[in-house]
Structures are given as C-alpha cells and as structure tokens.
Amino acid sequence: MLERKDLRVIFEIIKPNSKVLDLGCGDGLLLRELVLKKKIDGLGIEISIEKIKSCLNSGISVIQEDLNEGLKDFKDNTFDYIILSQTLEYVADPVYLIQEMLRVGKKVVISFENLAYWKNRVTFLLNGALKRASTNDDSLFFRKKIQLLSVKKFFDFCSYYKIKTSHQIFLPIKKLNLNQTFPNLLSKIAIFILEGEN
Amino acid sequence: MVGIGKPFDPSKYYIICANILGSCYGSTGPSSINPETGERYGLTFPIITVNDIVKSIKLLINYLGLKKILSVSGGSLGGFQALDWAVSYPQITQSVIPIATASYATTFNVAFNEVQRQAIYSDSNWNNGNYYKGELPNLGLKLAREIGHITYLSEDSMKERFGRELRYNPEYVFQFKEEFEVESYLQHKGTTFTKRFDANTYLYITKTIDYFDLRKEGDLTSTFYPLKKIKFLVVSFSSDWLYPTSQSKEIVYALKSNGIETSFVEIKTNYGHDSFLVECDDLRVIITNFLSNLIL
C-alpha cells in the first residue's frame, strides 16, 4: 500500500495500539495505514495546506505547524513513537528538533536520504552535480533541502550528543546485506531508531 | 458554504441554522414586543449569554426530535456557540468546527465592544433604549458599525482596496467632510447597516460577546476534559486580529492536553476577521474533507 520503501519499514517498526506523532506527515498515508492496520492513536504535523487537505480526507488528525518551532506545546514522554521521515533535510536546526523529539517521544524514528550513497559520489565525480530526485516537486534548480545528511554524519551526531540508537536499517536491503556493514557507502536511505531521554 | 456540492451539503446532511436569541432577526430580543406590556422590551430585556443561546438551540433540537449531532460549526460568535455547545452537550456531539473564534473574549474585544456601545449611548435619540416611538439613534448605530467594521478588516486589505485614494476631488481640499475613499466607504457601510439593524440589539450582542469565557479560573484544559470523544477541526485566519490565531492555538493546546482528536489549520488570507465570510476554496475543501470521515 505504501509506495515509499522507508515508510514500509517504519510501518513494520511501529507496534500496534501505540501513540504516534508523525512530523512532516505529508499526505498522511503512513498514519492512515497505521491507524487502519495497527489501530494506533495518530497525530500528524504538517505545514503545507495541500497536504493537510489530504490528511483530513484520510480521517487523520493533523495540526498545521512549522517544525522549526519545535514541539513547544507537547509535554514530555507523550508519544510512544515520533516519526520524522525524509524531513530532517528541510529542518533549520536539526539538533534542536531531535532533542525536542527525544523529550516528547519514547522512541524516535528518523529516515533520510544518505548523501554519501556511492551512486551520488559517482554522479558528483563525473557530473560535478547531483542528480535531481524524480519524486521531488520542488523548483527545477533550487531545492528546499538545507541539511546535507550522511549516515556517517548521523552516527557522529548521535555519538556527540550521547543519543542512544537502538536500531538502524539501511535501504536497499539486499541478500548479502553488505550495506549494514558499509552503510555510509552502500545505503540509499537510512532509518534510525533513537531512544527517548526518559 | 451551504448548498449542494458545498461543505454543508443539504443533500448529505440535515442542516440546522438558527438565529440567535436576542437577535432582531427571527428571534426575540429588545426590539420585540413584550406580551405582558404590549410595549417593546427595550432594556428590560435580559442580557443574554452564549450559554443561553446554546440552551435555546437545544430546545429546538429537542423539538425536532434529534438525538445526536454530527457536527457543530460556527465562526466568530458562532464559534463561541459551537464551543459552548460541545462543553454543554458532549454526549450528543460528534464533532466541532470552530472558525475564526476564541474560548473567551479578550481585553481587546471588550474594549472595542465598549466603544461601539458608547457610540450608541451618546446618540441623543437613544433615550435609554426607549426610542421605538420616536427618532431612531441611527447616528450612534452608524458610528458603532463603522468601528466594528474596521475590526473585521485587515490593514493589508484596506490598503489594497483604498490606499490613500481620494473619493471626490483630485487633490486635498483640507476640510472636515470626508475626502478619502476609506472614509466614504465606512460611512456607506454604517448607513446601510442602520437600515436593517436595531441599536439595542447591537448593545445586547456585544455584551453577549464580552461575557463569554469558557475557562474555569483561567484554565481551559479542565473545561475540555468531558469532550474526550469529540473530534475537532479548529480553523483560524492569518490576518484576523480580532480573533487571532493565538486564540485558536490556546483552544488546540487545551484539547490536545486532554488527548482529544484535534486538527488545526491557519488559512493564509488577507481579509482579516471577515475572511470567514469570504469565498475560500481552502476552507471549503478542509471542512468537506473533515466531515467526509464522520459517520453518525
């Protein structure tokens, strides 16, 4: 049902009947699947009014908010999971947001495209520019992504801020599973599960 | 907003829309005849609270034999009613859509309402509300409406519509009679209003607004506790400075604190508080989509 591979993995991670907050929930499809199939109590945060219309159409509760404001209105430890899927790249202060997520959620699930993926390195080496992602509906030349994220950078970040990572999954998952060993080089999309601070 | 193919679609829903108690349109108010005296009530009419209005609508609902309400929605004072309804009758209410509204009248609201009332009081014809047999206090009502009208607009929309354009002459004449477009516009709005509205009713409705406060000792969270099973869609407009987004956010926060299923949208508009009366595709789609997931 879910097209995006990282969303399918995240779907599997979430336990039934849990309280889920999806930051930058887009059209709400992940939340809808989770509500329908795993009976979760879900809430989405989204800034785009067009995406919000889609969420409401799916019966998802959604609050229009700019993630850069953090999660000021949320009390500590209110959600079993807080999801931030392929959105961290657009956040102005990722450290602040992730710390907020760790405060408000028991488990934090973050997915992002790995800039250091070997294909990106080859493309950049040969072309001097990265290929524009086909799923992106941004303008032709300038994307709104402001963070350059790689698996290595994320590991370093977690280590520096003493954030516990309970689990990580690197896509694509292939038979030999080499990307679990060399994730920075071989993974296209990384999914990290972090333990909340409480 | 109401009609086939619109959010409140009569081919899909049984729609009720009642005039408010105290109104000079289709209800009993200060301009109505008191059956006991045969005279108009004037200021002998009691001051009405939002809860009084909500109770009167409940009587209507009972009369119609309705057991459950799929959705209660309103803007501005209508939003006050929607919220008060949810707090008063949570068991029979499935969802609430408060638009461009608040859970209490702010100091700002009270201040502006008071000067509007003062405008009516200071009309020499007002005569403590006993004007029905004589000259109407139209100058006072006109001024009250002009003040009110400014609070419904936004600086941007006024600038866009009128700017500093002059109404009658190509250059400044330097007179006290109106010269600017906006002055003439306000005068026109004020004058046309006096042709259809009653001055005493204006006093009563502004008072109804002023007294509205759903909070218990300043706390909204405990007020919303019994509303756990109700779904909310709270809507505000970015240019509304009469009932600003911050008021809607307070409502959203108090609802979320109770674990109530709440959605919130701030629609980007230019029209100020009046935005909730202006054609708006975003508002239509949002409400339609929200309602489509509700089954009684």
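The structure displayed is predicted, hence computed values, not measured ones.

Assigned secondary structure in chain A consists of eight helices and seven strands. For 198 residues, the compact-globule formula gives about 16 Å, and the C-alpha radius of gyration of chain A, at 17 Å, lands near that figure. For chain A, buried positions account for 41% of its 198 residues. Looking at chain A alone, contacts between residues at least 24 apart form 64% of all its contacts between residues at least 6 apart.

All names here are of chain B. Here chain B is described as being made up of domain 1 (64-104 + 212-292) and domain 2 (109-209). On a C-alpha basis, the centres of domain 1 and domain 2 stand 29 Å from each other. Contact residues are listed per partner, giving 10 residues for domain 1 and nine residues for domain 2. Class assignment for the residues of the side of domain 1 that touches domain 2 results in five nonpolar, four polar and one charged.

This part covers the nonpolar core. With 108 residues, the main nonpolar core has Val20, Ile82 and Met101 of chain A together with Val235 of chain B as its most contacted residues. Each of domain 1 (64-104 + 212-292) and domain 2 (109-209) of chain B accounts for three or more of the residues forming this core.

Now for the pairing of strand 2 (residues 41-46) of chain A. Residue and element names in this part refer to chain A. A large share of strand 2 lies buried, amounting to five of its six residues. Here five bridges tie strand 1 (residues 19-23) to strand 2, and the two strands are oriented parallel to one another. Bridging from a neighbouring strand, Val20 pairs with Gly42 of strand 2. In this region the chain leaves strand 1, passes through helix 2 (residues 29-38) and returns to the parallel neighbour strand 2; the handedness of that crossover is right-handed. Pairing geometry for strand 2 and strand 3 (residues 62-64), over three bridges, is parallel. For Glu46, the partnering residue across the bridge sits in strand 3 and is Gln64. Once you follow strand 2 into helix 3 (residues 49-57) and on to strand 3, the crossover reads as right-handed.

As a further point, take the interface of chain B and chain A. Each partner contributes to the interface: chain B provides 16 residues, whereas chain A provides 11 residues. Partitioned by chemical class, the residues of the side of chain B that touches chain A number seven nonpolar, five polar and four charged.

Turning next to the packing of helix 1 (residues 50-63) of chain B against helix 2 (residues 77-88) of chain B. Residues and elements named next belong to chain B. Closest axis-to-axis distance for the helix 1/helix 2 pair is 9 Å, and the angle between their directions is 70°. Relative to helix 2, the element helix 1 lies roughly perpendicular. In the packing of helix 1 onto helix 2, the handedness of the crossing is right-handed. Between helix 1 and helix 2, the residues in contact are Val50, Asn51, Ile53 and Val54 and Phe80, Gln81, Asp84, Trp85 and Ser88, respectively. Residue composition of the contact of helix 1 with helix 2, by class: five nonpolar, three polar and one charged.

Moving on, we come to the environment of Lys67 of chain B. Checked against the element boundaries, Lys67 of chain B lands in the loop between helix 1 and strand 1 (72-75). Look at Lys67 of chain B and you get exposed, because 8 C-beta atoms sit within 10 Å.

Another aspect to go through is the environment of Ser263 of chain B. Along the chain, Ser263 of chain B turns up in strand 4 (residues 262-267). Between the alpha carbons of Ser263 of chain B and Lys216 of chain B there is a distance of 23 Å; along the sequence they are 47 residues apart. Among all residues touching Ser263 of chain B, those that are not within four sequence positions of it are Leu56, Ser61, Val62 and Ile63 of chain A together with Phe232, Leu233 and Phe290 of chain B.

What counts as what
Residues numbered from 1 in each chain as written. Chains lettered and ligands numbered in written order. Predicted model: local features only at pLDDT ≥ 70, side-chain atom pairs only at ≥ 80, totals over all residues. Helix = DSSP H or I, 4+ residues; strand = E, 2+ residues; numbered from the N terminus. Rg over C-alpha atoms; globule rule 2.2 N^0.38 Å. Buried ≥ 20, exposed ≤ 12 C-beta atoms within 10 Å, placed from the backbone. Contact = placed C-beta atoms within 7 Å. Domains from an automatic or database assignment. Nonpolar A, V, L, I, M, F, W, Y, C, P; charged D, E, K, R; others polar. Core = buried A, V, L, I, M, F, W, Y, C linked by C-beta atoms within 7 Å. Pairing = 2+ DSSP bridges. Right-handed = clockwise from strand over helix to strand, strands pointing away. Axes fitted to C-alpha atoms, helices over the stretch in contact; angles between N-to-C directions. Parallel < 35°, antiparallel > 145°, perpendicular 65-115°, else oblique. Left-handed = near helix turned anticlockwise from the far one by under 90°.

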